Amino acid sequence: MNDELKSFRVCLKCCLLDHSSLHSIVLSFSAFFLFTFIVPLATSLSIITNTTPSSVVSFHRLAQLPTSGLATIAFIIFTAFIRRHGGLRRLLFLDDGMQRDTSLVRRRYAIEINRTFRRHLALILLPSFSLELAHKIVLFSSVHVRMPFFTDALHNINYDVSWRAVVFLLVLASWIYRTTVFLLVCVLFRLTCELQILRFEGLYEMFKVDRSEVEWAEVIFKEHGRIKMQLLETSHRYRAFLIACMVAITVSQLGTLILVLSSKAPKDFCNTGDLLVCSVVQLSGFVMCLFGAARITHRAQRVVSIASKWHIRMSCLSKCKHVSDSTEEDGYTSDYDHPAYQPAQHGSKASNNMQLSSMEETAASSIRQALVTYLHYNSGGITIFGFALDRGLLHTLFAFEMTLVLWILSKVVVLS
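The rules behind each value
Residues numbered from 1 in each chain as written. Predicted model: local features only at pLDDT ≥ 70, side-chain atom pairs only at ≥ 80, totals over all residues. Heavy atoms only, no water. UniProt positions renumbered as here; feature names shortened; annotations may be inferred. Helix = DSSP H or I, 4+ residues; strand = E, 2+ residues; numbered from the N terminus. Buried < 20%, exposed > 50% of the residue type's maximum accessible area, 1.4 Å probe, protein only. Polar contact = N/O pair within 3.5 Å; in protein donor to acceptor, adjacent residues only side chain to side chain. Contact = heavy atoms within 4.5 Å. Expected span 1.5 Å × (residues − 1). Bend = angle between axes of the 7 residues up to and from the residue. Phe/Tyr/Trp six-rings, centres within 6.5 Å; stacked < 30°, edge-to-face > 60°. Axes fitted to C-alpha atoms, helices over the stretch in contact; angles between N-to-C directions. Parallel < 35°, antiparallel > 145°, perpendicular 65-115°, else oblique. Nonpolar A, V, L, I, M, F, W, Y, C, P; charged D, E, K, R; others polar. Salt bridge = Lys/Arg side-chain N within 4 Å of Asp/Glu carboxyl O.

All right, on to the UniProt feature "transmembrane region" (unreviewed entry) in the protein chain then. Under the UniProt annotation, "transmembrane region" (unreviewed entry) lies at residues 21-42, 62-82, 121-145, 165-189, 238-261, 273-293 and 392-410. Taken end to end, residues 21-42 is 95% helix and 0% strand, and its first and last C-alpha atoms sit 30 Å apart. Counting secondary structure, residues 165-189 comes out at 100% helix and 0% strand; the distance between its end C-alpha atoms is 37 Å.

Tracing the sequence through the fold places aspartate 274 in helix α9 (residues 269-335). On the basis of relative accessible area, aspartate 274 is assigned to the buried category, the value being 5%. For aspartate 274, the side chain forms a polar contact with the side chain of histidine 60, separated by 2.8 Å. Aside from chain neighbours lying at most four places away, what touches aspartate 274 is Phe59, His60, Ala63, Glu132, His135, Lys136 and Leu139.

For helix α6 (residues 103-140), which comprises 38 residues, the first-to-last C-alpha distance of 54 Å matches the rise-based estimate of 56 Å (1.5 Å per residue) to within 8%. Helix geometry: α6 is bent most strongly at alanine 122, by close to 40 degrees.

With that settled, consider the packing of aromatic side chains. Considering all chains together, one arrives at 13 aromatic pairs under this definition. Look at phenylalanine 182 and phenylalanine 241: their rings are 6.4 Å apart centre to centre, the planes differ by 40 degrees, and that puts the pair in the tilted class. Note that phenylalanine 182 is positioned in helix α7 (residues 157-206) and phenylalanine 241 in helix α8 (residues 214-262), a separation of 59 residues in sequence. Each member of the pair, phenylalanine 182 together with phenylalanine 241, is buried. Look at phenylalanine 207 and tryptophan 310: their rings are 5.6 Å apart centre to centre, the planes differ by 70 degrees, and that puts the pair in the edge-to-face class. Of the two residues, phenylalanine 207 sits in the loop between α7 and α8 while tryptophan 310 sits in helix α9, which places them 103 residues apart along the sequence. By relative accessible area, which is 0% here, tryptophan 310 ends up buried. Among the aromatic residues, those joined into a ring-pair cluster are Phe29, Phe32, Phe33, Phe37 and Phe75.

Attention shifts here to the packing of helix α1 (residues 6-14) against α6. One way to put it is that α1 packs onto α6 with a least axis distance of 8 Å and a crossing angle of 45 degrees. With respect to α6, the axis of α1 lies oblique. Judged by residue contacts, Ser7, Phe8 and Cys11 of α1 engage Ile113, Asn114, Phe117 and Leu121 from α6. Split by residue class, the contact of α1 with α6 holds five nonpolar, two polar and no charged.

Bringing the pattern of salt bridges into the picture now. Pairs can form between side chains of opposite charge whenever their charged atoms are close. For the structure shown, the criterion picks out nine salt bridges. Of the charged contacts in the structure, one is a salt bridge between glutamate 233 and arginine 237, with a shortest N-O distance of 2.7 Å. Here glutamate 233 pairs with arginine 237, and both are found in helix α8, just four residues apart, close to one helical turn. Judged by its relative accessible area of 34%, glutamate 233 is partly exposed. The exposure class assigned to arginine 237 is buried, which follows from its relative accessible area of 7%. Salt bridges sharing common partners tie together Glu132, Lys136 and Asp274.

Let us now look at the environment of leucine 92. Structurally, leucine 92 is set in the loop between α4 (88-91) and α5 (97-100). With relative accessibility at 1%, the residue leucine 92 sits in the buried group. The residues touching leucine 92, leaving out its near neighbours within four places in the chain, are Leu5, Leu188, Leu191, Thr192, Leu195 and Arg199.

Dropping the structure here:
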């Protein structure tokens, strides 16, 4: 069968995040501890400075903390996902949900999966890597590199050059690994939201069908209930990741702002380039998650408007049909006014049919109204402990972060 997640699986194997066997799990954990903790610690101790300001090394070491912290959060969350759900297809609701989706929605799944990697992961990772590479070239050309826990007497010129190249490659490899781990979980969350948006678009198409039967309202109710359960499960899965990332990014950004503004060292690309790249990656990944959650939340809230329009349209069609039937009945009786041409029980049968039709339309209208009321009170998308991640919450978060930034700036200005 065609594997829609082939590109995702290849990316996980390249990033040493494949947990399909015991050997791959051991390799994944070994790579995590090596590139997240051991290599950043060793390289931070290897880089020293003699002629340049010490702020270069200080800012470089400061940037390692939030990068390793976010990579640790993402790795723990991803490992818990794989261990609890057993695979990517169940994690993305593709195992059982694909059979209930329409053919149009299923065809768009593979397109959306491939486009998500090109549009989100590569769009953030490649420019950030280019900026990181340029900064590391400038940094390693202005600092001295030595092997930690050894004296400089053991070094010669050739050995220093070779160790400088090794540290340079290890720093880049560690940065690529930690950044990719964090962005992969962000892309996984965004992909989950995009696939649910496709299901909502399939639900929108169901409201375009001019059917007012009670059975069709029941079909719409079951489909919305299925999507709602998947959204609730997605919210429960990713709420720890979103909250931990928000706290870690807020603390790191505000802490970095305080230290940089309070430092008397010159601020240039060589000194603060690590902090710049770190901030770009952090904010890009987190904003991508927030925008994905806000999109699906507003798609979920849009269902109420579409269902209301469908209810009004079906009510108008039923009313017009009822008026048309009444007109035809009146025309039939007016053509045969003579008692000899009037069937004995024609009036009673017509009256019974009209009464039965009116009762059916009343029941269907009540069911549609109940469906609209249900959708109105169950229109939430991605939530965190009951708070919907919509544009209103994003505005609140932006106002809160801006308030903290202005407060820190005021304190720095007063202290300086």
